[in-house]
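# Geometric and topological summary
Here is what each chain is made of, one letter per residue.
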Amino acid sequence: MSQTTTTAADANTRTARKDIAMLKPAKEFSAKAHIKSLAHYRKLYAESVANPDGFWGRQAETELVWDKPFKKVLQFKAPHAKWFLGGKLNVSANCLDKWLDTPHANKAAILWEGEPAAPGKPGEERTITYRQLHRDVCMFANVLKRHGIKKGDRVLIYLPMVPEAAVAMLACTRIGAVHSVVFGGFSAQSVADRVYDSQARMIITADGGFRRGSVVQLKKSVDEALAIKGADGTPLAKTIEKVIVLRRTQTDIHIQEGRDVWWHRELEYVSADCPATPMDSEAPLFILYTSGSTGKPKGILHTTAGYLLGAKLTSRYVFDLRDEDVYWCTADIGWVTGHSYVVYGPLANGATSLMYEGAPNWPEPDRFWKIIAKYRVTILYTAPTAIRAFMKWGDQWPKKHDLSSLRLLGSVGEPINPEAWMWYHEVIGGKRCPIVDTWWQTETGAIMITPLPGATPTKPGTATLPFFGIVPEIVDDAGKTLPNNSSGKLVIRKPWPSMLRGVWGDPKRFVETYWSEVKGSYFTGDGCHVDKDGYFWIIGRIDDVLNVAGHRIGTAEVESALASNPNVAEAAVVGRPDELKGQALVAFVTLKSGIKAHPELREELRQHVGKEIGPVAKPDDIRFADALPKTRSGKIMRRLLKQIASGVEIKGDTTTLEDLSVLAKLATAED
Ligand code: WT7
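Because the structure is a prediction, the values reported are computed rather than measured.

## Quick notes on the site of the ligand
Near the ligand there are 15 residues, and of these Asp437, Thr438, Thr442, Asp526 and Arg541 occur at the shortest range. The separation between a nitrogen atom of the ligand and a polar main-chain atom of Gly413 is 3.1 Å. Within the contact set of the ligand, a nitrogen atom lies 2.7 Å away from a backbone nitrogen or oxygen of Thr438. Across the complex, the protein chains shield 89% of the 560 Å² of accessible surface that the ligand would expose by itself. The set of elements that each furnish at least two residues to the shell around the ligand consists of β20 (435–438) and β25 (536–541). A breakdown of the residues in the shell around the ligand according to their chemical character gives five nonpolar, five polar and five charged.

## Examining helix α11 (residues 304–318)
Here α11 spans 21 Å end to end across 15 residues, near enough to the 21 Å set by a 1.5 Å rise per residue. When you tally the buried positions in α11, you get 15 out of 15 residues, the bulk of the element.

## Notes on the pattern of salt bridges
In total, this model carries 40 salt bridges according to the counting rule given. A salt bridge links Glu164 to Arg126; its shortest N-O distance comes to 3.3 Å. Highlighted residues: Glu164 in helix α7 (residues 163–175) and Arg126 in strand β5 (residues 125–129), separated in sequence by 38 residues. For Glu164, a relative accessible area of 14% gives the class buried.

## Some words on the side chain of Thr462
Position of Thr462 among the secondary structure elements: in the loop between β20 and β21 (472–475). Every residue in contact with Thr462, bar those within four places of it in the chain, is listed here: Asp437, Tyr535, Phe536 and Trp537.

## Some words on the packing of helix α14 (residues 384–393) against helix α16 (residues 418–428)
As a packed pair, α14 and α16 sit with axes 10 Å apart at the nearest point and diverge in direction by 70°. In terms of orientation, α14 and α16 fall into the roughly perpendicular class. Contact residues: α14 offers Ile387, Arg388, Phe390 and Met391, while α16 offers Glu419, Ala420, Trp423 and Tyr424. Taken together, the residues of the contact of α14 with α16 sort by class into six nonpolar, no polar and two charged.

## Examining the nonpolar core
Membership of the largest hydrophobic core comes to 147 residues, with the highest contact counts inside it found for Phe84, Leu133, Phe140, Leu144, Ile204 and Phe319. Once you skip the residues sitting within four places of it in the chain, Leu133 turns out to touch Leu96, Ala109, Ile110, Ile128, Val167, Leu170 and Leu347. Judged by nonpolar contacts, the second largest core, of 29 residues, contains Trp369, Leu403, Trp423 and Cys433.

## A word on the sheet that holds strand β4 (residues 108–113)
The seven strands are arranged β5-β4-β17-β16-β18-β19-β20 in an open sheet whose pairing can be described as mixed. At either end of the open sheet lies a strand with only one pairing partner, and these are β5 and β20. On average, each strand axis in the sheet is tilted by 20° relative to the strand beside it, whichever way the strands run. Of the pairings in the sheet, the one linking β4 to strand β17 (residues 352–356) comprises four bridges and is parallel in character. Considered in β17, the bridge of Trp112 is made with Met355. Strands β4 and β5 of the sheet are contacted by helix α6 (residues 130–146), whose axis makes an angle of about 90° with β5.

## Topic: unusual backbone geometry
With an omega dihedral of 0°, the bond running from Ala78 to Pro79 counts as a cis peptide bond. Here Pro79 is to be found in the loop between β1 (72–77) and β2 (80–85). Backbone torsion omega between Trp362 and Pro363 reads 0°, so that peptide bond is classified as cis. Within the fold, Pro363 resides in the loop between β17 and α13 (367–375). You will see that Phe84, though not glycine, has its phi angle at about 55°, which is positive. By the element assignment, Phe84 lies in strand β2. You will see that Asp320, though not glycine, has its phi angle at about 50°, which is positive. Structurally, the position occupied by Asp320 is in the loop between α11 and β16 (326–329). Judged by relative accessible area, which is 2%, Asp320 ranks as buried.

## Looking at the side chain of Asn567
Its location among the elements puts Asn567 in the loop between α18 (555–563) and β28 (568–578). What makes Asn567 buried here is its relative accessible area of 17%.

## Topic: the confidence of the model for the protein chain
Parts of the prediction with low pLDDT should not have their coordinates interpreted in detail. Residues of the protein chain with pLDDT of at least 70 account for 91%, and the chain-wide mean is 90. This model gives residues 1–18 a pLDDT under 50, and the stretch forms 54 contacts once residues within four places in sequence are excluded. Note that pLDDT drops below 50 for residues 653–658; the model gives that stretch 20 contacts with residues more than four away or on any other chain.

## Here's the deal with the sheet that holds strand β22 (residues 486–492)
Spatially, β21-β22-β24-β25 is the arrangement adopted by the four strands of the open sheet, whose pairing is antiparallel. Strand pairing shows two members of the sheet lacking a second neighbour, β21 and β25, which therefore form its edges. In this sheet, adjacent strand axes meet at a mean angle of 45° when their direction is disregarded.

## Notes on helix α9 (residues 218–227)
In terms of burial, α9 is largely enclosed, as seven of its 10 residues are buried. Taken together, the buried positions of α9 are Leu218, Lys219, Ser221, Val222, Asp223, Ala225 and Leu226.

## Remarks on the packing of helix α4 (residues 52–63) against α11
Here α4 crosses α11 at 85°, and the two axes come no closer than 11 Å. As the angle between them shows, α4 and α11 are arranged roughly perpendicular. Residue-level inspection shows Trp56, Gln59, Ala60 and Glu63 of α4 in contact with α11, the latter providing Leu309, Lys312, Leu313 and Arg316. Split by residue class, the contact of α4 with α11 holds four nonpolar, one polar and three charged.

## Digging into the environment of Trp397
Relative to the helices and strands, Trp397 is located in helix α15 (residues 396–399). Counting along the chain gives 28 residues from Trp397 to Trp369, while the straight-line C-alpha distance between them is 7.6 Å. Residue contacts for Trp397: discarding those within four places in its chain leaves Glu364, Pro365, Asp366 and Trp369.

## Things to note about the state of the cysteines
With the rule as written, the count across this model stands at zero disulfides. Cysteine Cys329 is unpaired, with the sulfur of Cys95 as its nearest cysteine sulfur at 15 Å.

## A word on the pairing of β16
In regular strands, side chains alternate between the two faces of the sheet. In β16, alternate side chains face the same way, and those of Val326 and Trp328 on one face and Tyr327 and Cys329 on the other are all buried. On the question of chirality, the crossover connecting β16 to the parallel β17 by way of helix α12 (residues 336–348) is right-handed. Across three bridges, the pairing between β16 and strand β18 (residues 379–382) is parallel. Bridging from a neighbouring strand, Tyr327 pairs with Ile379 of β18.

## Brief notes about the packing of aromatic side chains
Throughout the structure, instances matching the rule amount to 35 aromatic pairs. Judged by centre distance (6.3 Å) and plane angle (55°), the ring pair of Phe76 and Trp515 falls under tilted. A residue pair is termed long-range when its members are at least 10 positions apart, and Phe76 in strand β1 and Trp515 in the loop between α17 (507–514) and β24 (522–530) qualify at 439 residues. The exposure class assigned to Trp515 is buried, which follows from its relative accessible area of 8%. Judged by centre distance (5.4 Å) and plane angle (75°), the ring pair of Trp496 and Tyr522 falls under edge-to-face. A residue pair is termed long-range when its members are at least 10 positions apart, and Trp496 in the loop between β22 and β23 (502–503) and Tyr522 in strand β24 qualify at 26 residues.

Calculation rules
Residues numbered from 1 in each chain as written. Predicted model: local features only at pLDDT ≥ 70, side-chain atom pairs only at ≥ 80, totals over all residues. Heavy atoms only, no water. Near = heavy atom within 4 Å. Polar contact = N/O pair within 3.5 Å; in protein donor to acceptor, adjacent residues only side chain to side chain. Areas by Shrake-Rupley, 256 points an atom, 1.4 Å probe, with all protein chains shown as cover. Helix = DSSP H or I, 4+ residues; strand = E, 2+ residues; numbered from the N terminus. Nonpolar A, V, L, I, M, F, W, Y, C, P; charged D, E, K, R; others polar. Expected span 1.5 Å × (residues − 1). Buried < 20%, exposed > 50% of the residue type's maximum accessible area, 1.4 Å probe, protein only. Salt bridge = Lys/Arg side-chain N within 4 Å of Asp/Glu carboxyl O. Contact = heavy atoms within 4.5 Å. Axes fitted to C-alpha atoms, helices over the stretch in contact; angles between N-to-C directions. Parallel < 35°, antiparallel > 145°, perpendicular 65-115°, else oblique. Core = buried A, V, L, I, M, F, W, Y, C linked by side-chain atoms within 4.5 Å. Pairing = 2+ DSSP bridges. pLDDT = per-residue confidence, 0-100. Disulfide = S-S within 2.5 Å. Right-handed = clockwise from strand over helix to strand, strands pointing away. Phe/Tyr/Trp six-rings, centres within 6.5 Å; stacked < 30°, edge-to-face > 60°.

Below, the structure written as structure tokens:
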């Protein structure tokens, strides 16, 4: 039997749950929205896929400012796509210069809230208008030039969540340098590996960053990274000529003469005049490293025109952006969400993008709600893992603040379980805000499957329908398209402008990972269920879909069932080899505060899952834990959990763990 055939235990049991109803967009919301009805969406969608050249060509012409018009919309020979051939444009000009002679010039481009220095103290704040951001970017671009950075050179950015991170990114794009942002929580080794892989010439960093009241020593990590030697005995990061250091925490750092320079000093030598370099549509824009199924991260390559168009269009339609919005995407700039939905998408639309430097629970668990009340945030875009943490901390924290400015909520990064969805809807959104559950990937550059808030009726747990011009399908192992009401591998059948153009320095891996599973189509690596309405329910990574006694079970599905039990805060489910069933299910469970783990509860939870999904999905083991091991971006470290579940010794890179003691505790936990 094919692995992807629907079975009784399949994901459609999720859609069959009685408490999941369709939520239609409110009339008042739809009336003002860019896309006002499902029929409107369907009409535009049908046009976009019937004539993709016409659709994307028109969008590119009207949405982007071109220095030289493109001649051809698309040249595609799978897996290689080239969009908007012959055209020239500049990303920073599209995000900044475009607004200079308009009423937007003095509008806030970035609202920045720093981490509070201490409990009880307010955070620092800065407002940067489009005109000011333009000046800052021009000056910093001149700094890059002063140090010999040219078109095509790679620049590594390793900064905290401060406005200068956006300035550095935009300055690179202004002169055609290719940025590679490395999340500030990554280790020196990660920095060295990424410099080595990208052959970057420069690192832009800070003396430190604030995190929960302490200082993250970024420059120290850079110093360490620069000293790490490769197998041949030479430094991995030997291509680095200059390190530009932003003063942020006033931490004592080592400055190496000739190599390290201060950001603020450099500004003394440059003017604010820096014309944007016209770039080819297909010129590399940035590289962003992301982990794959093997240990070595892949450098995902995005290019200029297509990426910008994707980020801009989706920002406008998915978040229904309007001039008066205060839009807050909580992602760090080190992830693709920070690229597309903190910087490029909002700025290309002339929106106000809020940036916050710190953690959601420092100094207290109401930090987010305080910020929303303070800035009158209208749109909030965050991750299910954060939402579940907020649920666990309790309703009293959001209830202390006025959240009435919110009009739209978004979710991204992993399947959102219906309980978290409902909580988000009721407690944060006051039942009046639509929720957009947006599915996409580092590789796709922009949102691919999502509700449009004024048009698409939503159901908790599904990302609903494809964005304009996007053709997702589910297929079986032979690559054949499956009908509604079944589950399979999620592929994208047609190219789209913001798709990745390659894996940096590894064309073979690009083809093998994304274009070999299903011939001629982009393979997402995700399993997905399509329900009777054609709604896409992402089950999770294919490697997280288990086969237990011949039944396919999505770990996300079991997790969702566990999380619907009132005692449970969060659950992660992984497989371990089992002689009889092939794979057995192991659940790692954290309980709500005040609930104690005991053997009866274990049995209660097994029964609960049996009831929610079916007996086949009952976890074989349930292990209680204080917290789950997570990467800095909040993803549960499943591979580690699998190793723990199988009782093998823990190997591999653990530098991205939030809390190593959690892992140790789990590894040694007695049943
Ligand atoms: C993977 C991509 C794209 C921004 C952040 C993550 C999972 C993402 C959803 C969603 C269910 C989702 C998928 C995808 N994912 N959004 N709305 N519902 N799953 O980027 O690190 O490249 O991860 O995240 O499994 O393949 P990423």
